[in-house]
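The chain contents come next:
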Amino acid sequence: MSQSSTPAVSDAIYDASSLGRPRMFLLGLQHLFAMFGATVLVPVLTGLSVSATLLFAGLGTLLFHFLSRGKVPAFLGSSFAFIAGYAAIAPNGETELLPYACLGVACAGLLYPVLAALFRAFGAKRVMRFFPPVVTGPIVISIGLILASSAIANCQTNWLVAVIVLVICNIWGRGMVKIVPILLGVVVSYAVAAALGEVDFSGVAAAPWVGLPIVWDNTVFALFGPQFDSGLATTAIITIMPLAFATMIEHIGDISAIGSTCERNYIADPGLHRTLLGDGLATILASLFGAPANTTYGENTGVLALTRVFDPRVIRIAACCAIVLSFCPKFAAVIAAMPACVIGGVSLVLYGMISAVGVRNLIENQVDFQNNRNVLVAALVLVLSLGIAYSTAGAIVLELGGVTISLSGLAVGSLVGIVLNAILPGNDFEFDTSELEETAE
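Our subject in this report is the structure included herewith. (Residues numbered from 1 in each chain as written. Predicted model: local features only at pLDDT ≥ 70, side-chain atom pairs only at ≥ 80, totals over all residues. Heavy atoms only, no water.)

### What to know about the packing of helix α8 (residues 159-169) against helix α18 (residues 340-364)
Between α8 and α18, the least distance of the axes is 8 Å, while the angle of their chain directions is 40°. The angle between α8 and α18 places the two elements in the oblique class. As α8 packs across α18, the resulting crossing turns out to be right-handed. Side by side, α8 and α18 meet where Trp159, Val161, Ala162, Val165, Leu166 and Cys169 of the first sit next to Cys341, Val342, Gly345, Val346, Leu348 and Val349 of the second. Broken down by class, the residue content of the contact of α8 with α18 amounts to 11 nonpolar, one polar and no charged. (Axes fitted to C-alpha atoms, helices over the stretch in contact; angles between N-to-C directions. Helix = DSSP H or I, 4+ residues; strand = E, 2+ residues; numbered from the N terminus. Parallel < 35°, antiparallel > 145°, perpendicular 65-115°, else oblique. Left-handed = near helix turned anticlockwise from the far one by under 90°. Contact = heavy atoms within 4.5 Å. Nonpolar A, V, L, I, M, F, W, Y, C, P; charged D, E, K, R; others polar.)

Shown next as structure tokens:
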């Protein structure tokens, strides 16, 4: 759909203040409700703090709106693309290892300002030739497939509850039911697990109602002391940074989708360089303080399409609500008490969806697999990513200057794919710049 600078539909509401403050607040809560299930699930899957996640989802969203001049109605929630990176560094959510993973994610966030500067300097068409779908598609597919084994392991603790999650997450409903099936799946299956005695609520009873969402020992800043492991830090950075190439491409697609929904050209105004910078700085800020990477959320785009209220101030209300909620440790304890079977059931859906998005990326961009060049690039990304991940060691271990560095399958596969695509002849990918060339009327 072409994006124009003015509303094309009469029922679209761009200034929500005409609805009154109570209705604006309710719309903000609806956006909070839409992003909630997926956002808090990432810390549950990785071992990160739920409270810090909510805090920096809110702060990251406000920072994004500030840098994008308050024009884009986007909410920044937890990114699922980096889950494989956390799992590679802290496979069991070890508290002492997670800050190293967060350091890797923070460094990955540094690539966003770099890409934003390249977009600004050289234009999207030249830059995107290095990140075509034949590279990013297999990377995204690999992320979901690598995580699949952990989903099965969690499901095996109680398949009955896991199946309930699967059924509800795939429910066909209308309105908000259609937008938040994952949240409904978690709530219903959580209740069933509690009825079956699968939930330990002792931590909930002990948690206070009010508390600070940040624990200093869980931040990146706490790493730099006598116990700092430079080898592990280097491993985390090299392993996780390549994942940003996939998430940055995802960001461009999300901004385009939000613009299509609102019928405005956000790619031209405020510009991808601003939205990428906002997303990247929000990710860096969150990671440094022990929260997951941020990304623009499709769930909230669905709410925009449902309500036809496109005023960014409504999103900022949701962000402020998330910040307030982050100061309630008892609420975080309820999330932390979620049993493995519930996590496993949701993971089956989400990890499968991640891989499916990669497949859709290849199909929608009509990648030609009759071209041997494309077959070679995609094949090596998949084989290296999956083969190394499921090998005995689970990584390629290198000794450089007395420092031990472990390269995950995703890191190797991503880097090989990007380099091969750059050096092999026949790179005919052309990024569609038609939207970028549109100007405000």
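Picking up after the structure, the text goes on.
### Some words on the packing of aromatic side chains
One pass over the full model with this rule turns up eight aromatic pairs. An angle of 15° between the planes, with centres 5.4 Å apart, marks the rings of Phe56 and Phe289 as stacked. One end of the pair, Phe56, is in helix α2 (residues 50-67); the other, Phe289, is in the loop between α14 (267-288) and β2 (294-296), and 233 residues separate them in sequence. Among the aromatic residues, those joined into a cluster by ring pairs are Phe56, Trp216, Phe221 and Phe289. The positively charged end of Lys330 is found above the aromatic ring belonging to Trp209, 5.2 Å away from the centroid. (Phe/Tyr/Trp six-rings, centres within 6.5 Å; stacked < 30°, edge-to-face > 60°. Lys NZ or Arg CZ within 6 Å of the ring centre and 35° of its normal.)

### Thoughts on the environment of Ile405
The topology assignment puts Ile405 in strand β4 (residues 403-407). Considering only alpha carbons, one finds Ile405 and Asp229, 176 residues apart in sequence, at a separation of 11 Å.

### Here we look at the side chain of Asn421
Here Asn421 shows up in helix α20 (residues 409-423). For Asn421, a relative accessible area of 0% puts it in the buried group. Separated by 3.1 Å, the side chain of Asn421 and the backbone oxygen of Arg129 make a polar contact. Leaving out residues up to four positions away in the same chain, Asn421 has contacts with Arg129, Phe130, Pro132, Val134, Val135, Arg373, Val377 and Asn427. (Buried < 20%, exposed > 50% of the residue type's maximum accessible area, 1.4 Å probe, protein only. Polar contact = N/O pair within 3.5 Å; in protein donor to acceptor, adjacent residues only side chain to side chain.)

Without other data, these values stay purely geometric and don't point to any function.
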